[in-house]
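# Remarks on the overall topology
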Amino acid sequence: MLDTAKTRWHPIAASYDLPFRHVFHAQLLGREFAVWRADDGYVNIWENRCLHRGVRLSIGINDGRELKCQYHGWRYSNRTAGCTYIPAHPADAPARTITNRTFAGVERYGLVWSAEEPHGRVPDVAGLREGEQLALRGIPLNAPADAVVSALTGYRFQPNGRLQGNTANVSLEGSDTFSVALRAYEEGAETLVVFFVQPVDSSRSVIRGVLDAGPQGAERLAILRHHNERLSKLREIAEREAQAAPQPAPLEPVIERVSPELAEMPEMTAHGRKATIRVTVARKWLAADGIAAFELRPVQGLLPTFQPGAHIDVHMPNGLVRQYSITNGPGESDSYVIGVKLERDSMGGSLCMHETVREGDLLAISEPRNNFPLRRDAVRTIFVAGGIGVTPLLAMAQALKNQNLDYEFHYFAQNQEQLAFPEKTALLGEALKPHLGFLPETTAAKLKEILSGYRPDMHVYLCGPGPMLEAARRIAADLGWPETAVHFEYFKNTNTIDDSSSFEVALARSCVTLQVTAGKTILETMREAGIDMPSSCEQGACGTCLATVIEGEPDHQDVYLNDAERKSGTKIMTCVSRAGSARLVLDL
C-alpha cells in the first residue's frame, strides 16, 4: 500500500495549523516537512532541514517573507526556498545551488495537502463543499494506515445538533486505502464526516477528519469535543491491536542531490549571454516621470531566488540586451519588478522597453546575478541613490527593514515627480530622506554631510549617475571611510575604451594561450576559442566577467573595481580591460 502512496495527495496539516509567522512540523511517509504560510498567503512545504548542518527548519523563524534557520541564521526565500543570506559570508551572494527541496501544496477542505510525487489533483469529495466544512483536530496514532482505516469503518458518532446520547444510525458511505466516509442520522439530523488517514511512517498515522458543516460558537466547540473524545477512544483500541501485530520496518526517506536544473549550466546563446527564463509582462506602469516599471511573471514554474542588489539581463524584441536591477523586497518571489529610465541618448534599449514592450508581451531574461551584494552585519547602513539608481538600493533597504536593522535612505532627484516607486519608498518610513533639485556643488555638500561621522563597521551603498558616484567615493575617502566599506554600482561605463593594443593571454586552468588582437576584447577572444565565460553588461560596470590575474599587468578600463583592487593588479574585467604588459596569465 505504501509503495503507491508517494504519488497520492495526502493531508499533512490543517489550515488552522498555519497561522501567520508560525512553522508547522509535518510528516509523511517517513519524511519531515517544514510547513509555513508567508504574509502573501502562500503555503510553503519544504524538506525539514537547513542545507548547512541539517538542523530542522520547523524550529526556525518565519518572518512572513523568509524562513530563518535558528542555528547559524541562514535565510530562505518564500516560494523558491532559495538561500538569500549566509551570515558567515556577509559580503557574498549565496550560490544558486543552495536551494532547499520543495513539495507541491494545495489547501482544500480546511486541510493542507502534499505528496512526494503527486499525480493529478486533490480529488473531489462528494458532500464536502469548499468553505462550509469543519476540520477536526488531528489525532496521531502509533498504528499503520491500513489498520487505522479498518478501525474508522466502525467509528460511531452523533450528528450535529444531536450530540447527546449514542443512538444515531451510522452508515459507511465509502472507503479506500487512506480514507473513510461515514454519515450519521438521528431524528431528522444528519452529518457527513470524511476521514483521511495521513501515513506518517510505516507504523504511525494521523487521522484528519472533515465534517460537511461548520457551525460557530458554542456548538462548534461541542462538536469538536464530541469527536475528539470518541476518536481518542478509537486510538486506544487501534494502538493496542497494532502493538500486538508484527511491526513493519520504518520508512527511510531519500535525501536527493541538487537537481539537474540547478547543477547544469544552461545553453549558451549566440552572443554568450544566457536567456533561460521566459516571462510575461504582467503589468507596466509609470513609476515616476520618465521611468517605466515592469512586473515580470514566469510563463511556468517559479522564478529563481534573488538577493538584494541582483540584476537580470532582459533580451528585448529588437535583439538588444540590457541589465535591470530587481526592486523586490524579501519574499516577493512570484514576480520580478524592474524600473527602466528612458534615456535621452538611448541606443535602443530603454526606448524599446518604453515604446515597444507592452503588457502581455513575452520576454526572455537571464537568471539573477548579484555583483552588488548587501552585507547585513553593519552597525549602520547608509544608502545613497541618484535617480534610477534607486532600484537595487530599494531591494536592500526593504531587506534591512524586514530584519529591523539600522539604516538610512538618501534619495537624490530633480523633483518630486522623479522619485520612483513611491509605493515602496513609503514603506521605508522615517529612514527615507529625499533630496530634491540639488545642483552639483550643493549635492557634494550634502554628500559630505551624509557621510560624516564614520564609525567602524558602518557601510555605505551608492548607485546613481557616474559624476555623483565619483564625488561620493572621493568624499568618503576624504572622511576616512575604508574602501571595503564603500560599495557602488554604476549604470554604465562612460570611459573611452582604448582597444588598440594586442597582447597574449594564457588561461592557466584551461592550458590554453590566446592572442588578443586590437579591436577585440579578452572575453570575445575566449568565446571564439570555445571557452565559456559568464557576462552581463559587457561594458565593465557589473562585475560578471571578473577574472583573477596570476601574472602580468592589467590595463583597467572598467568602473567596477575600486582603487585598492586596481592597484593590487590581481583582478581584471575581461569585457573591457586589457593588458599593460605583453602577456597576462589568468586563473581560468
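The text that follows walks through the structure, step by step, so that each part is easy to find. (Residues numbered from 1 in each chain as written. Predicted model: local features only at pLDDT ≥ 70, side-chain atom pairs only at ≥ 80, totals over all residues. Heavy atoms only, no water.)

### Regarding the overall build of the chain
- A count of helical and extended segments in the chain gives 10 helices and 34 strands.
- Summarising its shape, the C-alpha atoms of the chain cover approximately 95 × 55 × 50 Å along the three principal directions.
- With 588 residues in all, the chain has 51% of them scored as buried.
- Long-range contacts, defined here as pairs at least 24 residues apart, represent 64% of the contacts in the chain between residues at least 6 apart.
- Accessible area for the chain stands at about 26,500 Å²; split by element, carbon and sulfur atoms hold 50% of it.
- Both charge centroids of the chain, one from 61 positive and one from 71 negative side chains, sit 3 Å from each other. (Helix = DSSP H or I, 4+ residues; strand = E, 2+ residues; numbered from the N terminus. Buried < 20%, exposed > 50% of the residue type's maximum accessible area, 1.4 Å probe, protein only. Contact = heavy atoms within 4.5 Å. Areas by Shrake-Rupley, 256 points an atom, 1.4 Å probe, with all protein chains shown as cover. Lys, Arg positive; Asp, Glu negative; His and termini not counted. Charge placed at Lys NZ, Arg CZ, Asp CG, Glu CD.)

### Notes on the pattern of salt bridges
- Under the counting rule described, the total for this entry stands at 34 salt bridges.
- The salt bridge involving Arg 49 is made with Glu 47; its shortest N-O contact spans 3.4 Å.
- Owing to a relative accessible area of 23%, Arg 49 belongs among the partly exposed residues under this scheme.
- Taking relative accessible area as the criterion, Glu 47 reaches 4% and is therefore assigned buried.
- Overlapping salt bridges bring together Arg 31, Glu 47, Arg 49 and Glu 116 as one network. (Salt bridge = Lys/Arg side-chain N within 4 Å of Asp/Glu carboxyl O.)

### Structural notes on the pairing of strand E10 (residues 111–115)
- Among the 5 residues that make up E10, 5 are buried, leaving the element largely enclosed by the rest of the structure.
- Bridge analysis of strand E1 (residues 10–14) against E10 gives 4 bridges, and the strand direction is antiparallel. Across the sheet, residue Ala 14 finds its bridge partner in E10, namely Leu 111.
- When strand E9 (residues 104–108) meets E10, the two strands line up antiparallel, connected through 5 bridges. Residue pairing in the sheet places Gly 105 in a bridge with Ser 114 of E10.
- Counted between consecutive antiparallel strands, the loop separating E9 from E10 contains 2 residues, among which Tyr 109 sits at a positive phi close to 60°. (Pairing = 2+ DSSP bridges.)

### Structural notes on empty space enclosed by the protein
- Per the stated rule, a full pass over the model turns up 3 cavities of 30 Å³ or more.
- Put simply, the largest cavity is a space of about 80 Å³.
- Together, 14 residues line the largest cavity, and Glu 66, Phe 306, Gly 329, Pro 330 and Gly 331 are the ones closest to its centre.
- Grouping the amino acids of the lining of the largest cavity by side-chain chemistry returns 5 nonpolar, 6 polar and 3 charged.
- The computed volume of the second largest cavity comes to approximately 60 Å³.
- The wall of the second largest cavity is formed by Thr 84, Tyr 85, Asp 92, Ala 93, Pro 94, Gln 307, Pro 308, Asn 370, Pro 373, Leu 374 and Arg 376.
- Residue classes in the lining of the second largest cavity are distributed as 6 nonpolar, 3 polar and 2 charged. (1 Å grid on protein atoms, 1.4 Å probe; cavity = no way out; pocket = protein on both sides within 12 Å on 5 of 7 lines; lining within 4 Å. Points joined across faces, edges and corners; volume = space filled by probe spheres on them. Nonpolar A, V, L, I, M, F, W, Y, C, P; charged D, E, K, R; others polar.)

### Here we look at helix H8 (residues 466–478)
- End to end, H8 covers 18 Å across 13 residues, agreeing with the expected 18 Å (1.5 Å per residue, within 8%).
- For H8, every residue scored as buried is listed here: Met 468, Leu 469, Ala 471, Ala 472, Arg 473, Ile 475 and Ala 476.
- Immediately beyond the C-terminal end of H8, within one or two residues, lies Gly 480, with a positive phi of roughly 90°. (Expected span 1.5 Å × (residues − 1).)

### Brief notes about the sheet that holds strand E26 (residues 458–464)
- The strand order across the open sheet formed by 5 strands is E25-E24-E23-E26-E27, and the pairing between neighbours is parallel. Single-partner strands in this sheet number two, and they are strand E25 (432–436) and strand E27 (486–490). Strand-to-strand, the axes of this sheet are offset by a mean angle of 15°, without reference to chain direction.
- Strand direction decides the pairing type here: strand E23 (residues 380–386) and strand E24 (residues 407–413), joined by 6 bridges, are parallel. Its bridge partner lying in E24, Ile 382 is registered against Glu 408.
- Where helix H7 (residues 440–451) meets the sheet, it contacts E23, E24, E25 and E26, and its direction lies at approximately 180° from that of E24.
- Each of E23, E24, E26 and E27 is contacted by H8, which is oriented at about 170° to E27, the strand it contacts most. (Axes fitted to C-alpha atoms, helices over the stretch in contact; angles between N-to-C directions.)

### Brief notes about the side chain of His 311
- Relative to the helices and strands, His 311 is located in strand E19 (residues 311–315).
- Within the local environment of His 311, its side chain forms a polar contact with the side chain of Ser 536, the two groups lying 3.0 Å apart.
- If we skip the residues at most four places from it in the chain, His 311 touches Gln 323, Tyr 324, Ser 325, Ile 326, Glu 367, Pro 368, Arg 369, Asn 371, Ser 536, Cys 542 and Thr 544. (Polar contact = N/O pair within 3.5 Å; in protein donor to acceptor, adjacent residues only side chain to side chain.)

Any link to function would need more than the numbers given here.
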